[in-house]
Amino acid sequence: TMTQKWQELINSGEIAEDQVIGVSFEELKYVQTYAKKRGLTFPIYADTGMVFMRNYGVAEFPLAVVVGKAGDVKMYTFDARVSFDADELKKQMAD
């Protein structure tokens, strides 16, 4: 899954834990259970009101977004099968 791919990058030290944030439309208790079962260490926010999705025009998910330091979107995908190259992610996040 997409969350497992991000966690693998964190576990390998290729990206820092504080560089990943998850957003879910599920209730907090489900998000916590999901994260615990999968050993996820990055924060996942329970956006039950879908505020994030509405504010950012997200119509599909799963969605991975890479945001640069200036706050602009550098990369995104809706495909959970896409692999993430750690060096490319670091480069995009640094810009």
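Residues numbered from 1 in each chain as written. Predicted model: local features only at pLDDT ≥ 70, side-chain atom pairs only at ≥ 80, totals over all residues. Heavy atoms only, no water.

**Student:** Would you mind going over the nonpolar core with me for this structure?
**Tutor:** Side chains of nonpolar character tend, in soluble globular proteins, to be buried together. Ranked by size, the top nonpolar core spans 17 residues in total, and within it W6, L9, I15, F42, F84 and L89 carry the most contacts. Looking at this core, the elements that each hand over two or more residues are α1 (2–11), α2 (28–38), β3 (64–67) and α4 (86–94). Apart from the residues lying within four places of it in its own chain, the contact partners of F84 are M2, K5, W6, L9, A64, T77 and L89. (Core = buried A, V, L, I, M, F, W, Y, C linked by side-chain atoms within 4.5 Å. Buried < 20%, exposed > 50% of the residue type's maximum accessible area, 1.4 Å probe, protein only. Helix = DSSP H or I, 4+ residues; strand = E, 2+ residues; numbered from the N terminus. Contact = heavy atoms within 4.5 Å.)

**Student:** How do you make sense of the pairing of β3 when you look at a structure like this?
**Tutor:** A regular strand places its side chains on the two faces of the sheet in alternate fashion. Along β3, the buried face is formed by A64 and V66; none of V65 and V67, which line the opposite face, is buried. As consecutive antiparallel partners, β3 and strand β4 (residues 73–77) are separated by 5 residues, and within that stretch G71 has a phi angle of approximately 95°, a positive value. (Pairing = 2+ DSSP bridges.)

**Student:** I tried to follow the side chain of T3 on my own but got confused; where do I start?
**Tutor:** Here T3 shows up in helix α1. By relative accessible area, T3 is classed as buried at 19%. Here T3 is in contact with Y34, L40 and F42, once residues within four sequence places are set aside.

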